[in-house]
Amino acid sequence: MSPIRWHPALLSILVTGAAALLILILGLALAVPLARRRFPGRTAVETLIALPLVLPPSVVGYYLLRLLGRGGPLADWLGLRLLFTPAAAVAAATVVGLPLMVQAAQAALSGVDPALENAARTLGSSEAELFFRITLPLARRGILAGWVLGAARALGEFGATLMVAGNIPGRTQTLPLAIYDAVQNRRYDQATRLVLIVTAIAFLALYLIRRLELPVRPGPRREQ
Amino acid sequence: MNGALLAIDIEKRLDPIRLEVRLEAGQEILVLFGPSGAGKTSTLNAVAGLLAPEAGEIRLGSELLFRRRRPGEPVNVPARRRGIGYVFQSYALFPHLSAWENVGYALARKRGGRGRIAELLEQMGLTHLAGRYPHELSGGQQQRVAIARALAGEPRLLLLDEPFAALDAAVRDQLQGDLRRLQAERGLTVLYVTHRLEDAFAVGHRLAVIREGRVEQAGSLEEVFRQPSSRQVASILGLRNLFQARVVRAGAEALLLDWDGLLLEALPQPAAGPTVTAYIRPEDVKVLYPDRPLMDAVRHNQVEARILERRLQANLQTLLVGLPNGRTLEVGFPLRLYASLRLAPGDSVRLAVRKEGVVVLRPPALGRETRP
């Protein structure tokens, strides 16, 4: 039995963590205006954000390649050399996880009764204050569920990652890529272990979502 | 004391109606009464700053809250700075906050906030429920929390939208009493929206009848009821027995009307023009006992009628009768009255219409609105 190679698991956790953070911030930044404002082209924006859900990973990967690679805006204007680095893996994971977060968060934010927000306005709240004191707490479950789902999708990202980050063992080889590599090289023991790790994480994530999506109950009673 | 504290003059297109409301209110409970869809809630929302009119002005005391397309700088004070208490139709309590936290929402970072919350909860009889969440409270308790929350910021103006619609009668009576007490103690100006006349009578000092976005009539309850300005107002108020009549004689001692051949004598009152719209209050029509001498009050306006229908309600009996002029008349009296008479459909019955019960509607030209 060969020793476990931990690097892919650690890298996956780092990449997924960074992607999850980006998904949370970008997801809320996109979901809030989509949920609260009507503007021309809103449906087009929604569709564009959802596109990575249905496009083949190679197409998403190709777009990212052009965006991050030589001749792309990030490389030319900002001088960033991201291709075939872990950062490229983070970008790929973020792009595929984001639509799940945006859709869930948008639905949760739209589900908050506008009368509650109006009540908060008459009680002296600014728009930012009522967002953090009323809207966000009430949409919390849906937002968390979307976030976990997006992060889980980021963890499982394979195709686009392969195209922009490559499959460099010890550098950009995440768990899904390591599994593919192990099978290619007929290291089935290694593949089995990695598959079980990924399955366990995915199970936990989905289990968490189910718990979050239980009917809304208020938090524990607090004594005044 | 009773000067106009709140002055509203707003215009706004609201499919399918056009809102054009002009109103003033002093330290009083002004009831906005009218059918649903008449623009009552939109008026409250405009005052609260949740809905921007297309044109108009809203003043509260010396402060200009809103102005657009009127002489002077445009003004639109945001809702959060208007200092107006608003009790929403379905209460709009924050479901993730306890009663205490709901009431304290506006006082979050204020000094003395805790004492103020405790005081408000105590005034509304909610102290023992402070830790409960809205879904753990009854409708009446939720309503108390909503009122306490709206009063937390010490508003001068309190807006209530159908506040007691979903509550049972006993709770409603008590809350209505509480509201009148609060209004008097704090000298509040209260706008109270309802489509239930009983509510208007239970709490209101003055009544504004709103129909299709306009104030049809405003005045004291008594005045609006005695003298509705139009047929529409009368019908919104649920007045029965409306009819058109020709004025036969308008004298200092009586007004004589001809209702399609039936002569009716009424108390002297202004009658604009040769024909007027009038109504007969069902409770002012008396059934005459065939074998008893007539009392003075019912000597006038006697008429032979045929009973078409008899309806029994909780404590009221209604007869629909056919008159000799071919019209129908609604007659109402307490259930126990005339127990010795048969009063079955098909029977003939002798009626007397009291002079006080014949009311001529005051046409708009004679003054649409009474200022407080």
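What counts, and at which threshold
- Residues numbered from 1 in each chain as written.
- Chains lettered and ligands numbered in written order.
- Predicted model: local features only at pLDDT ≥ 70, side-chain atom pairs only at ≥ 80, totals over all residues.
- Helix = DSSP H or I, 4+ residues; strand = E, 2+ residues; numbered from the N terminus.
- Buried ≥ 20, exposed ≤ 12 C-beta atoms within 10 Å, placed from the backbone.
- Contact = placed C-beta atoms within 7 Å.
- Axes fitted to C-alpha atoms, helices over the stretch in contact; angles between N-to-C directions.
- Parallel < 35°, antiparallel > 145°, perpendicular 65-115°, else oblique.
- Left-handed = near helix turned anticlockwise from the far one by under 90°.
- Nonpolar A, V, L, I, M, F, W, Y, C, P; charged D, E, K, R; others polar.
- Domains from an automatic or database assignment.
- pLDDT = per-residue confidence, 0-100.
- Pairing = 2+ DSSP bridges.

Moving on, we come to the overall build of chain B. Along the backbone of chain B there are eight helices and 21 strands. Referenced to the eigenvectors of the C-alpha coordinate spread, the extents of chain B come out at roughly 75 × 50 × 40 Å. Buried residues in chain B amount to 41% of all 372 residues.

If you tally the helices and strands in chain A, you get 10 helices and zero strands. Along the chain direction, N to C, the helices and strands of chain A fall in the order α-α-α-α-α-α-α-α-α-α. Dimensions of chain A along its principal axes, counting C-alpha atoms only, are 65 × 45 × 30 Å. Looking at chain A alone, contacts between residues at least 24 apart form 76% of all its contacts between residues at least 6 apart.

A few words now on the packing of helix α3 (residues 57-68) of chain A against helix α5 (residues 86-110) of chain A. All names here are of chain A. Between α3 and α5, the least distance of the axes is 11 Å, while the angle of their chain directions is 130°. Accordingly, the angle class assigned to the pair α3 and α5 is oblique. When you trace α3 past α5, the crossing you get is right-handed. In this structure, α3 contributes V60, G61, L64 and L68 to the contact, and α5 contributes A88, A91, A92, V95 and V96. Taken together, the residues of the contact of α3 with α5 break down into eight nonpolar, one polar and no charged.

All right, on to the packing of helix α7 (residues 127-155) of chain A against helix α10 (residues 188-212) of chain A then. All names here are of chain A. Close contact between α7 and α10 brings their axes to 9 Å; oriented N to C, the two are set at 165°. Accordingly, the angle class assigned to the pair α7 and α10 is roughly antiparallel. Crossing of α7 against α10: the hand is left-handed. Residues R141, L144, A145, V148, L149, A151, A152 and L155 of α7 touch α10, and the partners they reach there are I201, A202, A205, L208, I209 and L212. Each residue belonging to the contact of α7 with α10 can be placed in one class, and the counts come to 13 nonpolar, no polar and one charged.

Opposite the 20 residues of chain B that make contact, chain A presents 18 residues. Taken together, the residues of the side of chain B that touches chain A break down into 14 nonpolar, five polar and one charged.

What follows deals with the domain arrangement of chain B. All names here are of chain B. Entries for chain B in the domain assignment read domain 1 (6-228), domain 2 (235-280 + 358-366) and domain 3 (282-355). For domain 1 and domain 2, the distance between their C-alpha centroids amounts to 37 Å. Taken residue by residue, the interface counts nine residues in domain 1 and seven residues in domain 2. Those elements that provide at least two residues to the side of domain 1 that touches domain 2 are β10 (206-211) and α7 (221-226). A per-class count over the side of domain 1 that touches domain 2 returns five nonpolar, two polar and two charged.

This part is about the confidence of the model for chain A. Per-residue pLDDT for chain A has a mean of 89; in total, 93% of the residues score no lower than 70. Counted against residues more than four places away or in other chains, residues 217-224 of chain A, with its pLDDT under 50, gives 10 contacts.

Residues and elements named next belong to chain B. Strand order across the open sheet formed by five strands is β14-β13-β12-β15-β21, with antiparallel pairing between neighbours. Looking at strand neighbours, the two that pair on one side only are β14 (262-266) and β21 (358-360), the edges of this open sheet. Neighbour-to-neighbour, the strand axes of the sheet open up by a mean angle of 45°, direction not taken into account. Sheet analysis places strand β12 (residues 242-250) next to strand β15 (residues 275-280), joined by five bridges and oriented antiparallel. Considered in β15, the bridge of F243 is made with A278.

Attention now goes to the sheet that holds strand β19 (residues 328-334) of chain B. Backbone-to-backbone hydrogen bonds join strands into a sheet, with any given pair of strands oriented parallel or antiparallel. Residue and element names in this part refer to chain B. Spatially, five strands are ordered β16-β20-β17-β18-β19 in an open sheet, and the strand pairing comes out antiparallel. Edge positions in the open sheet fall to β16 (285-287) and β19, since each of these has one partner strand only. For this sheet, the mean angle separating the axes of adjacent strands, direction not counted, is 45°. Judged from the three bridges that link them, β16 and strand β20 (residues 348-353) form a sheet pairing that is antiparallel. In the sheet register, V287 faces β20, and the bridge partner there is L351.

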